[in-house]
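# Understanding the architecture of this molecule
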Amino acid sequence: MPAHLNSPLTLPCGAVLKNRIAKGAMTEGLANPLNQATEEHVTLYRRWAKGGCGMLLTGNVQVDRRHLERPGNVAIDGNDGLAALAAYAAAGRENNTHIWMQINHPGRQAGVTAEGLAGPSAGTYGDAPVRALDGAEVEDLVRRFVHVARTAQQTGFTGVQVHSAHGYLMSQFLSPLTNHRTDAWGGSLENRARLLVDVTRAIRAAVGAEFPVSVKLNSSDFQKGGLTEDESCEVVRWLCDAGMDLLEISGGNYESQVMVGRDQSGELISRTKKASTIAREAYFLEFAAKLRPQVTVPLMVTGGFRTLSAMEAALASGEVDVIGLARPLCIDADLPNQLLAGTIARLPSPEEETTVDTGSSIAYYFNQVRKLAAGEDADRDIDWAEQLQRHSDFDGAAEVRYRAALSEAATA
Ligand SMILES: Cc1cc2nc3c(=O)[nH]c(=O)nc-3n(C[C@H](O)[C@H](O)[C@H](O)COP(=O)(O)O)c2cc1C
């Protein structure tokens, strides 16, 4: 029988998701200056858990406090802040919901660092110099990812996801554009995938056979000379052997933002693509269809789903097992309940109704996450220009607090 949104899903590890809607990871920026979770995470994830998703992915949590995607990230590189993490996880588990922690290192794409950018290979990112991680640091990354996964499990998160999409460190290792190493982590696809596969295998060994372990992977880099779809398929087969339970498919990076529906020039894909693609809505369905016959692991596709009919069609086709939703859930946390009840046919997508640049539209969602976390409603009447300013003021102030906390720790 074809799956529908209300169908439960049993993962290879035995865990059951109560339905097929999952909230995609969205960085919250809500941590305190020590990069620990706060009461705002609790309020936010309680609202999302009550909203009806079968599974919630957290925003990306960093494995090294010196390298952040943005200043308000949660980072776990010691053993502090555990009570706050436990409260966060408990809120996300309400309503029989799964809450999986997304684990990340931003590499050369870090938004803020204590000591400059680092990645697989030396070079520049924009105007900033990037140094190459040495072999001992790469090996230490496996330990760091495992430490965060075990901490997630011990504090009550019900699964983990390794972030290997969107141009962060794991995808930098995978891509020939950013990985020019000549040691065991560079060159052949097997070498470029070694870190991700080793991390996945080591996490599986650390958390046991019954705990969900997921990976978010780009279908390709959408850049000439980058990771190809065929290479991604091969990596997925290795990840299955390493014990992965669910693959989330995405794409792009900061330079090519296909994950939020923009082409290379920043134009909305929905305005430039052919009609058949637009009808299916989701950006990465073709890759799911290509992968499906090759692997048995459940597939989640995130990016672009906005109508109940397209979600049901994707599930009915058998090509996708879980529908990932991100931006609409910043506007209204209750939308999954309404989709599951069939009382809403289309999700809000305000940037489709106007002309707005990528930065301002993403800033709007960042700001709405904070409003939900404060117990408020999202802005429905949007001043796009003000959104960007509000977001950069917030992150600017958070960066000052982060740097002050770092220097206090250094002088203590
Ligand atoms: C505000 C915001 C923050 C995001 N943060 C993350 C993140 O931390 N990790 C991640 O994998 N993707 C992140 N994404 C990408 C989303 O998970 C998702 O892939 C993308 O928004 C497309 O899904 P949608 O069309 O349903 O919004 C973020 C997107 C937005 C809009």
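Up top you'll find the structure we're talking about.
Note that the coordinates shown come from a computational prediction; the quantities given were computed from them, not determined experimentally.

Rules used throughout
- Residues numbered from 1 in each chain as written.
- Predicted model: local features only at pLDDT ≥ 70, side-chain atom pairs only at ≥ 80, totals over all residues.
- Heavy atoms only, no water.
- Helix = DSSP H or I, 4+ residues; strand = E, 2+ residues; numbered from the N terminus.
- Rg over C-alpha atoms; globule rule 2.2 N^0.38 Å.
- Buried < 20%, exposed > 50% of the residue type's maximum accessible area, 1.4 Å probe, protein only.
- Contact = heavy atoms within 4.5 Å.
- Areas by Shrake-Rupley, 256 points an atom, 1.4 Å probe, with all protein chains shown as cover.
- Core = buried A, V, L, I, M, F, W, Y, C linked by side-chain atoms within 4.5 Å.
- Pairing = 2+ DSSP bridges.
- Expected span 1.5 Å × (residues − 1).
- Bend = angle between axes of the 7 residues up to and from the residue.

### A few points about the overall build of the protein
When helices and strands are tallied, the protein shows 14 helices and 16 strands. Radius of gyration (C-alpha) of the protein: 20 Å, near the 22 Å computed for a compact globule of 412 residues. Judged by the C-alpha coordinates and their principal axes, the protein covers about 55 × 45 × 45 Å. A total of 412 residues make up the protein; the buried ones form 59% of that total. A separation of at least 24 residues holds for 70% of the contacts in the protein among residues at least 6 apart in sequence. For the protein, the exposed surface amounts to about 15400 Å²; the carbon and sulfur share of it is 52%.

### Structural notes on the nonpolar core
Membership of the largest hydrophobic core comes to 97 residues, with the highest contact counts inside it found for Trp48, Ile203 and Phe305. The contacts of Trp48, once residues within four sequence positions are left out, are Lys23, Met26, Cys53, Leu56, Leu329, Ala333, Val369 and Leu372. Membership of the second largest hydrophobic core comes to 13 residues, among which are Leu9, Leu11, Met55 and Trp100.

### Remarks on unusual backbone geometry
In terms of backbone geometry, most residues other than glycine have negative phi values and most peptide bonds are trans. If you check the backbone angles, Asn95 has positive phi at about 65 degrees while not being a glycine. Secondary-structure assignment places Asn95 in the loop between α2 (82-93) and β7 (98-104). We classify Asn95 as partly exposed; its relative accessible area is 39%. At Asn96, a position not held by glycine, the phi torsion is positive, near 55 degrees.

### Side note on the pairing of strand β11 (residues 128-132)
With three bridges connecting them, strand β9 (residues 117-119) and β11 associate as parallel partners. Of the residues in β11, the one forming a bridge with Leu117 is Val130. With three bridges joining them, strand β10 (residues 123-125) and β11 adopt antiparallel strand pairing. Residue pairing in the sheet places Tyr125 in a bridge with Ala128 of β11. Counting the residues in the hairpin turn of β10 and β11 gives two residues, including Gly126, whose phi is positive at 65 degrees.

### Observations concerning helix α5 (residues 189-207)
The terminal C-alpha atoms of α5, which comprises 19 residues, lie 27 Å apart, in line with the 27 Å expected from a rise of 1.5 Å per residue. The sharpest bend along α5 measures roughly 40 degrees and falls at Leu195. Among the residues of α5, those classed as buried are Leu189, Asn191, Arg192, Ala193, Leu195, Leu196, Val197, Val199, Thr200, Ile203, Arg204 and Val207. A positive phi of about 90 degrees marks Gly208, the residue just after α5.

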